[in-house]
Amino acid sequence: MNKSEFINALQSKTQCTAEQCAAVNDVLENHFIFRKKNKPKVIAELCERLSVDEVQADAIYNQAMEIINAEIKTAKRHPFGQRK
């Protein structure tokens, strides 16, 4: 999944604009997101960059993780690019 596909998927799952989804993508790229201890840092940065409260930032983070985890699972099942 490339950056624009991720942004489109996140935009369709949340009530965020494309600009906000791009900001979410930037935040996630700046952190090693697959570590649980980084979640509070990511949530705090999302709150700051998107001007949302912690609950909304957590919901956006969880949606982003669902998209990323689904893509990883798909890549594991189809390692040679035969996705879908």
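Residues numbered from 1 in each chain as written. Predicted model: local features only at pLDDT ≥ 70, side-chain atom pairs only at ≥ 80, totals over all residues. Heavy atoms only, no water.

A. Region of interest: unusual backbone geometry. Of note, the phi angle at Ser 51 is positive, near 55 degrees, even though the residue is not glycine. Structurally, Ser 51 can be placed in the loop between helix H3 (39-50) and helix H4 (54-77). Since its relative accessible area comes to 66%, Ser 51 is described here as exposed. (Helix = DSSP H or I, 4+ residues; strand = E, 2+ residues; numbered from the N terminus. Buried < 20%, exposed > 50% of the residue type's maximum accessible area, 1.4 Å probe, protein only.)

B. Examining H3 more closely. With 12 residues, H3 should reach 16 Å at 1.5 Å per residue; the first-to-last C-alpha distance of 16 Å fits that figure. Close packing links the buried residues of H3 with helix H2 (18-30) and H4. Positive backbone phi, at 55 degrees, marks Ser 51, one or two positions downstream of H3. (Expected span 1.5 Å × (residues − 1). Contact = heavy atoms within 4.5 Å.)

C. Quick peek at the pattern of salt bridges. Applying the stated criterion to the full structure yields three salt bridges. Residues Lys 3 and Asp 26 are paired through a salt bridge, measuring 3.8 Å at the closest nitrogen-oxygen approach. Of this pair, Lys 3 sits in helix H1 (residues 3-13) while Asp 26 sits in helix H2, and the two are 23 residues apart along the sequence. Where Asp 58 meets Lys 39, a salt bridge forms, and the shortest distance between an N and an O atom there is 3.1 Å. Here Lys 39 lies in helix H3 and Asp 58 lies in helix H4, a separation of 19 residues in the sequence. Note on Asp 58: relative accessible area 26%, which makes it partly exposed. Among the residues examined, Lys 39 registers a relative accessible area of 26% and is labelled partly exposed. Three or more residues joined by partner-sharing salt bridges are found here, namely Lys 3, Asp 26 and Arg 49. (Salt bridge = Lys/Arg side-chain N within 4 Å of Asp/Glu carboxyl O.)

D. Representation of the environment of Ile 67. Position of Ile 67 among the secondary structure elements: in helix H4. Residues Ile 67 and Met 1 lie 66 residues apart in sequence; the distance between their C-alpha atoms is 9.7 Å. In this view, Ile 67 contacts Met 1, Phe 6, Ala 9, Leu 10 and Lys 13; residues no more than four positions away in its chain are not counted.

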